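The primary structure of each chain is shown beneath.
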Amino acid sequence: MLTSGGDAPGMNAAVRAATRAALARGWAVFGVHNGYAGLIAGDIHALHARDVGGIIQRGGTVLGSARSPEFTTEAGRATALANLKQRGIDALVVIGGNGSQTGSSVLTNEGLAVVGVASTVDNDLFGTDVTIGVDTAVNITVEAIDRLRTTGSSHKRAFLVETMGRNCGYIALMAGLAGGAEVIAIPECEIEPHDVAERLRAAYRRGKTHALVVVAEGVKHSAQAIVQHVTEHRDTIGFGLRVTTLGHVVRGGAPTAADRILATRLGAAAVDQLARGAAGVLVGVRGSDIVATPLAEVAGKTKGVNQELLALARVLAQ
Ligand code: F6P
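What you are looking at is a predicted structure, and each value in this text was computed from that prediction instead of being measured.

*Asks:* Looking at this structure, I do not really get the site of the ligand. What am I missing?
*Replies:* Taken together, Arg67, Val121, Asp122, Met164, Gly165, Arg166, Glu217, His248 and Arg251 make up the full set of residues adjacent to the ligand. Contacts to the ligand include Arg67, whose side-chain N or O atom sits 3.1 Å from an oxygen atom. Protein contacts shield 75% of the accessible area of the ligand, which totals 400 Å² for the unbound molecule. Considering only residue class, the shell around the ligand consists of two nonpolar, two polar and five charged.

*Asks:* Help me out: how do you make sense of the pattern of salt bridges in this one?
*Replies:* It is possible for side chains bearing opposite charge to pair when their charged atoms get close. Here the structure, examined in full by the defined rule, presents nine salt bridges. One salt bridge in this structure joins Glu143 and Arg147, with 2.8 Å as the shortest N-O distance. Taken as a pair, Glu143 and Arg147 lie in helix 5 (residues 134–155) at a separation of four residues, close to a single helical turn. By relative accessible area, Glu143 is classed as partly exposed at 41%. Accessibility expressed as a relative area gives 56% for Arg147, which makes it exposed. As a salt-bridge pair, Arg201 and Glu198 come within 2.5 Å of each other at their nearest N and O atoms. Of the two residues, Arg201 and Glu198 both sit in helix 7 (residues 193–205), three residues apart, roughly one turn of that helix.

*Asks:* I keep staring at helix 6 (residues 170–178) and nothing clicks. Help me out?
*Replies:* A turn of α-helix holds 3.6 residues, and therefore any two residues three or four places apart point the same way. Buried within helix 6 are the following residues: Tyr170, Ile171, Ala172, Leu173, Ala175 and Gly176. The inward-facing, buried residues of helix 6 abut helix 5, strand 6 (158–163), strand 7 (183–185), strand 8 (211–216) and helix 12 (307–316). Just past helix 6, the residue Gly180 takes up positive phi, approximately 65°.

*Asks:* Any chance you could explain the sheet that holds strand 1 (residues 2–3) here in plain terms?
*Replies:* Pairing between sheet strands relies on hydrogen bonds along the backbone, with the strands arranged either parallel or antiparallel. Strand order in this open sheet of five strands is 1-4-5-10-11, and the pairing throughout is mixed. The sheet is open, and its two edges are formed by strand 1 and strand 11 (289–294), each paired on a single side. Of the strand pairs in this sheet, strand 5 (residues 113–118) and strand 10 (residues 281–286) are connected by three bridges, and their pairing is parallel. Residue Val115 lies in a different strand from strand 10, and its bridge partner there is Val281. Sitting on the sheet, helix 1 (residues 11–24) touches strand 1 and strand 4 (91–96), and the angle it makes with strand 4 is about 160°. Of the strands in this sheet, strand 4, strand 5 and strand 10 are in contact with helix 4 (residues 98–109), which crosses strand 4 at around 160°.

Basis of the calculations
Residues numbered from 1 in each chain as written. Predicted model: local features only at pLDDT ≥ 70, side-chain atom pairs only at ≥ 80, totals over all residues. Heavy atoms only, no water. Near = heavy atom within 4 Å. Polar contact = N/O pair within 3.5 Å; in protein donor to acceptor, adjacent residues only side chain to side chain. Areas by Shrake-Rupley, 256 points an atom, 1.4 Å probe, with all protein chains shown as cover. Nonpolar A, V, L, I, M, F, W, Y, C, P; charged D, E, K, R; others polar. Salt bridge = Lys/Arg side-chain N within 4 Å of Asp/Glu carboxyl O. Helix = DSSP H or I, 4+ residues; strand = E, 2+ residues; numbered from the N terminus. Buried < 20%, exposed > 50% of the residue type's maximum accessible area, 1.4 Å probe, protein only. Contact = heavy atoms within 4.5 Å. Pairing = 2+ DSSP bridges. Axes fitted to C-alpha atoms, helices over the stretch in contact; angles between N-to-C directions.

Given below as structure tokens:
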């Protein structure tokens, strides 16, 4: 198995579960270090039950991760496949997000038995309601919002929090909803800087002592553009606006219990799929059920966000 792309809290729980579920079936298990780059470099090592002990609570990935441009070439993948064959490895579990599962799909087409495990803080993967890591990322963002609100209230200030998510607004939307944000800006529903300013002005006039603006990193009207506009019109808005960019903080540290449980279920489910001879799929979750979606359907697609929740957050910000 390998972990690939941006690390996500809970990846280790998935590694532990897949390793021990496979060992329980009497299979030999190997861990590939540093994602697809390690597959090409032959950085492949046997994994035993004790090797994955004490990691369920740890953030990051003990296997290491990387983004590998070489893997997108035919020659790179041929080396990767040869490395697996040489060791008698006949199946691969790929724990990762969009780019990683596109890689899984390509390897499937090239004849390898691959099962993907949905794991990215962005939660933009098609074929699953949630991905490993996003619950932790949302909780970290909410904690930041809560902390900024107390200082905001003391100083009658507005705060803008920029969070991760690449081109997907899921983290910002859910954290904004859970944190009671006055404004949520996401790529799926862009908001112009002057509209943000207007909402802040209205909040100030309604007597709010603070205002929170949550911005997804992928928006076209960037955090910087919003701040510039609000600063230029500060006199008529009432609030001053300060910025906190969370960046990689959002995907660091220990996974929540929800992420550990999801990762444990999905890691074990990946092994079940292989045991059934049903490779070529991504394992994810729909409602409370584990589901498998063909990698060919997952590759290159992204999932949208529930825009009704955005409308709800706006109503509740009154
Ligand atoms: O895809 C996960 C993610 O954390 C995105 O939210 C973010 O845009 C990106 O990775 C950052 O990539 P890197 O870790 O390569 O800077």
